[in-house]
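Listed below are the residues making up each chain.
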Amino acid sequence: MSIQDYITSNKDRFLEELIDILKIPSISADPAYSDDVHRMAEATKDHLLKAGADKAIVMETPGYPIVYGEKIIDTSLPTVLVYGHYDVQPADPLDLWDSPAFEPVIKKTDIHPDGAIFARGACDDKGQFYMHVKAFETMMNTDSLPCNVKFIIEGEEEVGSENLDGFLEENKELLAADVILVSDTGIIANDIPSITTGLRGLSYVEVEVTGPNRDLHSGLYGGGVPNPINILCEMIASLKNEHQHITVEGFYDDVDELSAEERAEMAKAPFSEEGFKKSIDIGDVEGETGYSVPERLSIRPTLDVNGIWGGYTGEGAKTVIASKAYAKISMRLVPNQDSTKITKLFQEHFERIAPKSVKVKVTPHHGGEAAVTPVDSIAYQAVSKAMEETYGKKPVPVRSGGSIPIVASFEKILGLKTVLFGFGLDSDAIHSPNEHYGLFNYYKGIETIPLFYKYFVEMKK
Ligand code: BES
Ligand code: MN
Ligand code: MN
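Criteria and cut-off values
Residues numbered from 1 in each chain as written. Chains lettered and ligands numbered in written order. Predicted model: local features only at pLDDT ≥ 70, side-chain atom pairs only at ≥ 80, totals over all residues. Heavy atoms only, no water. Helix = DSSP H or I, 4+ residues; strand = E, 2+ residues; numbered from the N terminus. Rg over C-alpha atoms; globule rule 2.2 N^0.38 Å. Buried < 20%, exposed > 50% of the residue type's maximum accessible area, 1.4 Å probe, protein only. Lys, Arg positive; Asp, Glu negative; His and termini not counted. Charge placed at Lys NZ, Arg CZ, Asp CG, Glu CD. Pairing = 2+ DSSP bridges. Axes fitted to C-alpha atoms, helices over the stretch in contact; angles between N-to-C directions. Donors = N, O, S within 2.8 Å, 3.2 Å for Na, K, Ca; no water. Tetrahedral: all angles 85-135°; square planar, octahedral: opposite > 155°, others 65-115°. Domains from an automatic or database assignment. Contact = heavy atoms within 4.5 Å. Buried area = accessible area lost by both parts, 1.4 Å probe. Salt bridge = Lys/Arg side-chain N within 4 Å of Asp/Glu carboxyl O. Polar contact = N/O pair within 3.5 Å; in protein donor to acceptor, adjacent residues only side chain to side chain. Nonpolar A, V, L, I, M, F, W, Y, C, P; charged D, E, K, R; others polar. Near = heavy atom within 4 Å. Areas by Shrake-Rupley, 256 points an atom, 1.4 Å probe, with all protein chains shown as cover. Core = buried A, V, L, I, M, F, W, Y, C linked by side-chain atoms within 4.5 Å. Left-handed = near helix turned anticlockwise from the far one by under 90°.

**Considering the overall build of the chain**
Here is step 1 of the chain: Looking only at helices and strands, one finds 12 helices and 18 strands in the chain.
Here is step 2 of the chain: Computed over its C-alpha atoms, the radius of gyration of the chain comes to 24 Å, within 12% of the 23 Å expected for a compact globule of 461 residues.
Here is step 3 of the chain: Projected onto the principal axes, the alpha-carbon positions of the chain cover approximately 80 × 50 × 45 Å.
Here is step 4 of the chain: For the chain, buried positions account for 53% of its 461 residues.
Here is step 5 of the chain: Here the chain carries 44 positive and 72 negative side-chain charges, and the mean point of each set is 1 Å from the other.

**Description of the sheet that holds strand E5 (residues 116-118)**
Here is step 1 of the chain: The strand order E4-E5-E18 describes an open sheet built from 3 strands, whose pairing is antiparallel. Of all strands in the sheet, those bounded by a partner on one side alone are strand E4 (105-107) and strand E18 (436-438). With direction set aside, neighbouring strand axes in the sheet form an average angle of 30°.
Here is step 2 of the chain: Where E5 and E18 come together, 3 bridges link them in antiparallel fashion. Bridge pairing in E18 links Ile 117 to Tyr 437.

**Focus on the coordination of the manganese ion (ligand 3)**
Here is step 1 of the chain: With distances of 2.1 to 2.5 Å, the protein atoms coordinating the manganese ion (ligand 3) are Asp 124 (OD), Glu 158 (OE), Glu 158 (OE) and His 431 (NE2).
Here is step 2 of the chain: In this structure, the manganese ion (ligand 3) is surrounded by 6 donor atoms whose angles at the metal cover 56 to 154°, and the resulting shape is irregular.
Here is step 3 of the chain: Mapping the donors of the manganese ion (ligand 3) onto the primary sequence yields the spacing D-x33-E-x272-H.
Here is step 4 of the chain: Metal-to-metal, the separation of the manganese ion (ligand 3) and the manganese ion (ligand 2) is 3.6 Å; Asp 124 coordinates the two.

**As for the environment of Glu 265**
Here is step 1 of the chain: Mapping Glu 265 onto the fold places it in helix H6 (residues 260-266).
Here is step 2 of the chain: Exposure remark for Glu 265: the relative accessible area of 47% places this residue in the partly exposed category.
Here is step 3 of the chain: It is 9.5 Å that separates the C-alpha atoms of Glu 265 and Pro 397, two residues lying 132 residues apart in sequence.

**Some points on the domain arrangement of the chain**
Here is step 1 of the chain: Its domain assignment divides the chain into domain 1 (3-199 + 370-460) and domain 2 (201-255 + 301-368).
Here is step 2 of the chain: Here the C-alpha centre of domain 2 lies 36 Å away from the C-alpha centre of domain 1.
Here is step 3 of the chain: Counting residues at the interface gives 11 residues for domain 1 and 9 residues for domain 2.
Here is step 4 of the chain: Carbon and sulfur atoms supply 58% of the area that domain 1 and domain 2 bury against each other, a total of about 650 Å² over both sides.
Here is step 5 of the chain: For domain 1, the biggest contributors to the area lost against domain 2 are Ala 370, Ser 403 and Pro 405; these three give 55% of the whole.
Here is step 6 of the chain: Applying the counting rule to domain 1 against domain 2 returns 0 salt bridges.
Here is step 7 of the chain: Counting every contact that joins domain 1 to domain 2 gives 2 residue pairs in polar contact (both at pLDDT 80 or more).
Here is step 8 of the chain: Of the residues that constitute the side of domain 1 that touches domain 2, the class distribution is 5 nonpolar, 4 polar and 2 charged.

**What about the side chain of Asp 184?**
Here is step 1 of the chain: Note on placement: Asp 184 falls in the loop between strand E7 (179-182) and strand E8 (194-199).
Here is step 2 of the chain: Of the polar contacts made by the side chain of Asp 184, one reaches the side chain of His 85; its length is 3.1 Å.
Here is step 3 of the chain: Leave out the neighbours within four places in its chain, and Asp 184 touches His 85, Asp 124, Asp 125, Gln 128, Glu 157, Ile 404 and Gly 422.

**Looking at unusual backbone geometry**
Here is step 1 of the chain: In this model, Asp 92 is joined to Pro 93 through a cis peptide bond whose omega is -5°.
Here is step 2 of the chain: With respect to the helices and strands, the residue Pro 93 is situated in the loop between strand E3 (79-85) and E4.
Here is step 3 of the chain: In this chain, Asp 124 is followed by Asp 125 through a cis amide linkage whose omega measures 5°.
Here is step 4 of the chain: Within the element layout of this structure, Asp 125 appears in the loop between E5 and helix H3 (126-141).
Here is step 5 of the chain: One non-glycine residue, Asp 281, lies in positive phi territory at about 55°.
Here is step 6 of the chain: The exposed category is assigned to Asp 281, whose relative accessible area is 70%.

**Let's talk about the site of ligand 1**
Here is step 1 of the chain: Taken together, the neighbourhood of ligand 1 is formed by 16 residues, with Glu 157, Asp 184, Arg 332, Ser 403 and His 431 sitting nearest.
Here is step 2 of the chain: Residue Arg 332 places a side-chain N or O atom 2.7 Å away from an oxygen atom belonging to ligand 1.
Here is step 3 of the chain: If ligand 1 stood free it would expose 520 Å²; the protein chains cover 88% of that surface.

**Overview of the coordination of the manganese ion (ligand 2)**
Here is step 1 of the chain: Bound to the manganese ion (ligand 2) on the protein side are His 85 (NE2), Asp 124 (OD), Asp 184 (OD) and Asp 184 (OD), at distances that span 2.0 to 2.3 Å.
Here is step 2 of the chain: Taken together, the 6 donor atoms surrounding the manganese ion (ligand 2) define angles of 57 to 167° at the centre, an arrangement classified as irregular.
Here is step 3 of the chain: The sequence motif formed by the donor residues of the manganese ion (ligand 2) is H-x38-D-x59-D.

**Side note on the nonpolar core**
Here is step 1 of the chain: In this structure, Val 80, Tyr 86, Ile 117, Tyr 442, Phe 452 and Tyr 453 are the most contacted members of the largest nonpolar core, which totals 65 residues.
Here is step 2 of the chain: Counting residues per element, the ones that place at least two in this core are helix H1 (3-22), helix H2 (34-51), E3, H3, strand E6 (148-154), E7, helix H10 (378-391) and helix H12 (439-460).
Here is step 3 of the chain: Counting residues per element, this core draws most heavily on H12, at 11 residues.
Here is step 4 of the chain: Once you skip the residues sitting within four places of it in the chain, Ile 117 turns out to touch Leu 15, Leu 18, Ile 19, Leu 22, Pro 104, Val 105, Ile 106, Ala 122, Glu 435, His 436, Tyr 437 and Leu 439.

**Some details on the packing of H1 against H3**
Here is step 1 of the chain: Contact geometry for H1 and H3: axes closest at 10 Å, N-to-C directions at 145°. Seen from above, H1 lies across H3 with right-handed handedness. Of H3, the residues touching H1 (which contributes Ile 3, Tyr 6, Ile 7, Arg 13, Phe 14, Glu 17, Leu 18, Ile 21 and Leu 22) are Lys 126, Gly 127, Phe 129, Tyr 130, Lys 134, Glu 137, Thr 138 and Asn 141.

What follows is the structure in C-alpha cells.
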C-alpha cells in the first residue's frame, strides 16, 4: 500500500486517537494533575509500541518522566531523534473557553475551513508530536521506514524542562542520532509553508515590593507612606525608555545584531501589518524604534510583565494601602545573550532603582537559551524538499519569537543540530483559551514527515 493510501484509509482512527490523548489533562504546572501527567506518559508509551516501536519505556526523572521509544532497523543507517512534549499548559481562564478544554470538539473556522480540533494541547504539543507517531506507524506498515528512529517525549516542557539536561547527560549513548526533529513550532500560513530557523531564549523573574509592614487605612496613612503598588508600577514603567529600549544596564551588551543583508533577507518573508493588527484586534503595533514588527517579534529581546497583583481586587471598594505588590516579568532573549547573566543584570538593576522607602526581592524562575538552526544542513534541505512536495511551494526560513530551550541543550550536550519541523499557526491560540489545531495541518504533517525520512536518507548517502 502507498503511504498516501495508508493515511487515507486510517484517517479517522488517527483523529480519534488524538482526541483520546487530548482528553487527558496533563498539566505539568499544577500538582493536582500529577496522576494525569503520569497517565499521559503511559499512554504515549503504549501508542509508540502500537505504532511499531521495538522498545518504548517510561523513564523516571526527579520530575515527570520522559518517554523513550525506538525502532532500530540497521545500525549502519542514519538515526532520526524525534523530540516532543506530552505536557500542556494550564487551561485557565476556564470561562473563556467556548467548550471545555479537555473535551475536544471539531469546528470549522475561517482559517481552518476543513475543521480544527479544539482542546488544550491540540497544537502545543500533543497534536504535533502525535503526527510523528502516526507518520512512524504509516512508514512501518507501508515498508517505507528508511532509517532508525528514536523518540523522546517529555512531560515538563511547559515548566522549563528542568530535568531534561540531566537526562541528556546520563543517556548520551542511548540518544545517539544524526539529527533531531522537533514539531513544536509553526508555519506562516496554510498556503505559506515556512521552517523556523531561530528561537528566543528566556529569563523569567518574579518581583516583590514591600512597603509598610502591614496593610494600612488609605485615608489615615495615604499621602505620607510608600505605596508598594504605585512604586512597583513606576519601577516597571522605567524599565523601558521612550524608544522602548530596555534600560537594564548591560542588557544589550551581548546581543547578536543581524547584518543589513540578513535583515533584508528576513524582510522578504510575507507579513501583513494590517492583518496582524486585525487578527488580535489592536489599534496599533508597539515596539522598539528602528525595527520592523517581524524583527521586534523575533530577533530583538523583550521585557514584558506577565502578571501583576497586590492590594484589594475583590468586589466593590476597599480603602487600603497594601503592604506588598508583586509582578512576574519575562525577558525574551536572542542569540548570544546568556539567560543567567541577564537574570543577574535584571536583579541588580531592579534593586538599584528601588527607592529606599521599600524593600524589593527578585526571585528567578526558569530560563533558557536562544538558538539558531542551520539552513545549509542535509536535514534542513530534506525538510524543505518534503514540504515543497506536499505544499507545492518551497518553504521560507523564518525566525520565531517563542522559546524551546532544549534546542540549545541538544546542541551543547548531544552535539546535535535540530530542525524545527512545526505545522501550527500563530492563530491556533496556544497557551490561550480555545487552543486548536487544524485537521489540514495534522494530516499535512503526517503526510510530510515520511517524505523527510526518504529525502534525508537519500541525501545522506
Ligand atoms: N511550543 C512552544 C514554543 C513555540 C511555539 C515556539 C510556537 C515557536 C513557535 C513551547 O511549548 C513553549 O510554550 N515554550 C515556552 C517556554 C518554556 C520555557 C516554558 C515559551 O515560549 O513561552
Ligand atoms: Mn510546545
Ligand atoms: Mn507551550
